[in-house]
Amino acid sequence: METGELPVEVITHILNFLPIPDRKEASLVNRSWYFAAQDSLRQEESIFYTIPASSASLGTIKSLSRRRVCSIQLINLDSSSTSREVVKYVAGYLGSHLRHLCLRGSSFTEACFEELLFACPCLTTLDLSGCNSLFMPGTLLSKQETFLRAQGALGNLQDLNLSGVRYLSDLTFNRLTKCAPRLAKLSLARCHITFEFDAYHGSRDYNSSALLSFRNLLRFLAERAGCVKALDLSSTSISSQAVKSLVQVANLRLHEVVLHDCRDLSDEAVSILCQHQPHLTTLDLSGCSELTDQAILALCSRLLDLRCLRLEKLPRVTDAGFRGVSHLRCLQSLNVSECSFVSSSELVKALRAIEGRPPLVSLNVAFCSLLKDSSVIVLAGALSRSLRVLDLSSCTSITNQSLQAISTHLLNLTVLRLAWCKELTDWGLLGVEQPREAQDHSKEGFFLPPPQDLERDAPILIDLTKQDTPQKYRASLNALARLQELDLTACGKLTDTSIAKVVHFPELRRLSLSLVPNITDTSLTAIARHCRALEHLSLSHCVNLTDKGFAEAAGTLPRLQHLVLAGCNQLTPQTLRAIGRECRQLKCLDVSMCGGISMTDVELFQSRLPLQTSVHSRFVGGADLSITL
């Protein structure tokens, strides 16, 4: 049977196994494949279609209505007639089947919001973060008629985001939440909540139009204790005493708590949180700078169902706090980035102590400068089956030994970040044992070491299936065949010798080689040939790249959407013409500090591309702002 004769349902099932960009490409095959691709995308509720407030969006909205799109984000909405027209079209064509609506940062009127809201009876997620103009008058849903209609529209709402709303008061909060009886997730991050001041003096009539009080929030949680499962109070002035009161609300059983950047939080408060909310699966305590090892030990001993734990930017936490991580047998994501006293030695011991294989999928230890090769080597072995995301950015002590351990064991990685790991060399990427005479150049001061002569070893890439591979050869980076994101920013010792031969990843979507000054057009063209799925490419301050390289590479990067070329001084308008001609999906281009490109060239480039293309062009035309590593 020809593929063109397959039923649309069968094609849809096949496409469900592909990444979203591949489904978009498949939709171009023929009419049947187009409808199959649209059906498969429709099943992904996490895909948000971004609709700008412009007259050009009206046709797009009509087109999206035929696909029955259920998740959209409206941007740049204001009180203009164009924005009102866009809202009218969304309400008329998309409202009946919208489930997820994001209006983040919009500056529209109450009337505009109400028109849109009343047309969306199936909403389960509503994002009003930063919509200050909507709440400033304090009259939202104040009329009985509009309140009753809002109750009908928000009856199924489960997720409400009010982050960053400066003018939110108890009165408007109560009106809005009363319309959403099934609310399970609430975000009040960066809202001005009064925790200590009692404006009601014992009264239980919490309807102030001037402030948002913690007392009113406690009342809300007490009433909805059986429904609310997730709460975000990040970047508020919540005190330890307030946390204690919140977590002890009768029958409240939270699964997710986010307290990012709550600087007054104490170890005692975290201990009480863990005691009264033992069923948490997600906890974010990032930036709570007063916390110590005691808080980490408490959560490790009591939150046994924890799956996601974020602890970045905790300056008082040391390795001792992670001795109990072995109790977290369900942990899938751990972030300890920017914990300057953490070397991960105790974390390694704890993970090795877990029976069987730890289920950890994502590990972020960026900026942990005490991390050593020995810890990375053990981690790679212990997490070989589960780990998909690894961030070692700015772990300045790791060397080729860590990279080769990663390439040998972590074959399921999809994201690898090694930015500013400046000890990595071509030998590590290629999987070749570094000769002793090439290992120590410490006496050469600020001068670069002599070029690494690896060209004589032409067949150096390793076939991992061969058992008789010579001992001096180890796994090269291209063993990580599933990589979708690779960050080698500021790994200044890398050259064409390794980049051109190893960065061959057919599924790679994001690549950063910024501040890698030794790569040339050879690397660029090799990457373009072997990484054709690239959508984000960053090459800032790669000063040896030329127009010739981009003329050859642009034609094999059809999916490129974001390209950063800041500080590439050898580029001229020829590169702009090649990119504009071949990269038709480009959304953002950065040519800042490119001495060979003028503002006239940039304006001409923009005039030939779609309206959504953004070009960053600061200091173009010869500004000398070179960076030395």
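Note that the structure is a prediction, hence the values are computed from the model and not measured.

**Considerations on the overall build of the protein chain**
Here comes step 1: Of the regular secondary structure elements, the protein chain holds 22 helices and 22 strands.
Here comes step 2: For the protein chain, buried positions account for 53% of its 629 residues.
Here comes step 3: Residue pairs at least 24 apart in sequence account for 79% of intrachain contacts in the protein chain once pairs closer than 6 positions are excluded.
Here comes step 4: Summed over its atoms, the accessible surface of the protein chain is roughly 28300 Å², and 50% of this surface lies on carbon and sulfur atoms.

**Quick look at the environment of Asn156**
Here comes step 1: Within the element layout of this structure, Asn156 appears in the loop between α8 (144-153) and β5 (159-161).
Here comes step 2: Discounting chain neighbours no more than four positions away, the residues touching Asn156 are Pro121, Leu123, Thr124 and Arg182.

**Observations concerning the pattern of salt bridges**
Here comes step 1: What the rule picks out here adds up to 14 salt bridges.
Here comes step 2: A salt bridge links Arg417 to Asp391, with the nearest nitrogen and oxygen atoms 3.5 Å apart. Of the two residues, Arg417 is situated in strand β16 (residues 415-417) and Asp391 in strand β15 (residues 389-391); the sequence distance between them amounts to 26 residues.
Here comes step 3: Taking relative accessible area as the criterion, Arg417 reaches 23% and is therefore assigned partly exposed.

**Quick notes on the packing of helix α11 (residues 240-247) against helix α12 (residues 267-276)**
Here comes step 1: The interhelical angle for the contact between α11 and α12, taken along N-to-C directions, is 5°, at an axis separation of 9 Å. Taken together, α11 and α12 sit at an angle that is classed as roughly parallel. Here Ser240, Val243, Lys244 and Val247 of α11 come into contact with α12, specifically with Glu268, Ala269, Ile272, Leu273 and His276.
Here comes step 2: Looking at the contact of α11 with α12, its residues break down into five nonpolar, two polar and two charged.

**Here's the deal with the pairing of strand β2 (residues 71-75)**
Here comes step 1: Of all five residues in β2, four are buried, a share of seventy percent or more.
Here comes step 2: The parallel pair strand β1 (residues 49-52) and β2 is bridged by helix α4 (residues 57-67), and the resulting crossover is right-handed.
Here comes step 3: Sheet topology note: the β2/strand β3 (residues 100-102) ladder contains three bridges and is parallel. Residue Ile72 lies in a different strand from β3, and its bridge partner there is Leu101.
Here comes step 4: Following the backbone out of β2, through helix α5 (residues 81-93) and into the adjacent parallel β3, one traces a crossover that is right-handed.

**A short note on the confidence of the model for the protein chain**
Here comes step 1: This prediction gives the protein chain a mean pLDDT of 88; 89% of its residues lie at or above 70.
Here comes step 2: Throughout residues 442-451 the model reports pLDDT below 50, and contacts reaching past four residues in sequence, or to other chains, amount to five contacts.

**Regarding the nonpolar core**
Here comes step 1: Residues Leu103 and Leu299 are the most contacted members of the largest nonpolar core, which totals 183 residues.
Here comes step 2: With six residues, the next largest nonpolar core counts Ile11, Leu15, Ala26 and Trp33 among its residues.

**Describing the side chain of Ser407**
Here comes step 1: Within the secondary structure, Ser407 sits in helix α16 (residues 400-409).
Here comes step 2: With near-sequence residues (within four places) excluded, Ser407 lies in contact with Ala475, Ser476, Leu477, Ala479 and Leu480.

**Comments concerning the pairing of β1**
Here comes step 1: Where burial is concerned, the two faces of β1 differ: the one with Tyr49 and Ile51 is buried and the one with Thr50 and Pro52 is not.
Here comes step 2: Pairing of β1 with β2 involves four bridges; the strand directions are parallel. Counted as the bridge partner of Ile51 is Leu74 from β2.

**Here we look at α11**
Here comes step 1: For α11, a buried count of six out of eight residues is recorded, marking the element as mostly surrounded by other parts of the structure.
Here comes step 2: Within α11, burial applies to Ser240, Ala242, Val243, Lys244, Leu246 and Val247.
Here comes step 3: Where the residues of α11 are buried, they touch α10 (214-223), β9 (230-232) and α12.

**Observations concerning the environment of Val325**
Here comes step 1: Here Val325 lies in the loop between β12 (308-310) and β13 (333-335).
Here comes step 2: Counting along the chain gives 23 residues from Val325 to Val348, while the straight-line C-alpha distance between them is 9.5 Å.
Here comes step 3: When near neighbours in sequence (up to four residues on either side) are disregarded, Val325 contacts Cys300, Leu347, Ala350 and Leu351.

**Let's talk about α16**
Here comes step 1: Among the 10 residues of α16, seven are classified as buried, and the element is accordingly described as predominantly covered.
Here comes step 2: Buried residues of α16: Asn400, Ser402, Leu403, Gln404, Ala405, Ile406 and Ser407, and no others.

**Description of the packing of helix α21 (residues 573-582) against helix α22 (residues 599-607)**
Here comes step 1: Taken N-terminus to C-terminus, the directions of α21 and α22 make an angle of 10°; their axes are 10 Å apart at the nearest point. Between α21 and α22, the interaxial angle falls into the category roughly parallel. Two secondary-structure elements touch here, α21 through Pro573, Leu576, Ile579 and Gly580 and α22 through Asp601, Val602 and Phe605.
Here comes step 2: Tallied by class, residues from the contact of α21 with α22 come to five nonpolar, one polar and one charged.

**Comments concerning unusual backbone geometry**
Here comes step 1: Of note in this structure, Leu141 is not a glycine but carries a positive phi near 60°.
Here comes step 2: Mapped onto the elements of the fold, Leu141 is located in the loop between α7 (132-135) and α8.

**Observations concerning the side chain of Thr489**
Here comes step 1: Here Thr489 lies in the loop between β17 (485-487) and α18 (496-502).
Here comes step 2: Residues within four places of Thr489 in sequence aside, it is in contact with Leu418, Ala419, Trp420, Ser512, Ser514 and Leu515.

Rules behind the numbers
- Residues numbered from 1 in each chain as written.
- Predicted model: local features only at pLDDT ≥ 70, side-chain atom pairs only at ≥ 80, totals over all residues.
- Heavy atoms only, no water.
- Helix = DSSP H or I, 4+ residues; strand = E, 2+ residues; numbered from the N terminus.
- Buried < 20%, exposed > 50% of the residue type's maximum accessible area, 1.4 Å probe, protein only.
- Contact = heavy atoms within 4.5 Å.
- Areas by Shrake-Rupley, 256 points an atom, 1.4 Å probe, with all protein chains shown as cover.
- Salt bridge = Lys/Arg side-chain N within 4 Å of Asp/Glu carboxyl O.
- Axes fitted to C-alpha atoms, helices over the stretch in contact; angles between N-to-C directions.
- Parallel < 35°, antiparallel > 145°, perpendicular 65-115°, else oblique.
- Nonpolar A, V, L, I, M, F, W, Y, C, P; charged D, E, K, R; others polar.
- Right-handed = clockwise from strand over helix to strand, strands pointing away.
- Pairing = 2+ DSSP bridges.
- pLDDT = per-residue confidence, 0-100.
- Core = buried A, V, L, I, M, F, W, Y, C linked by side-chain atoms within 4.5 Å.

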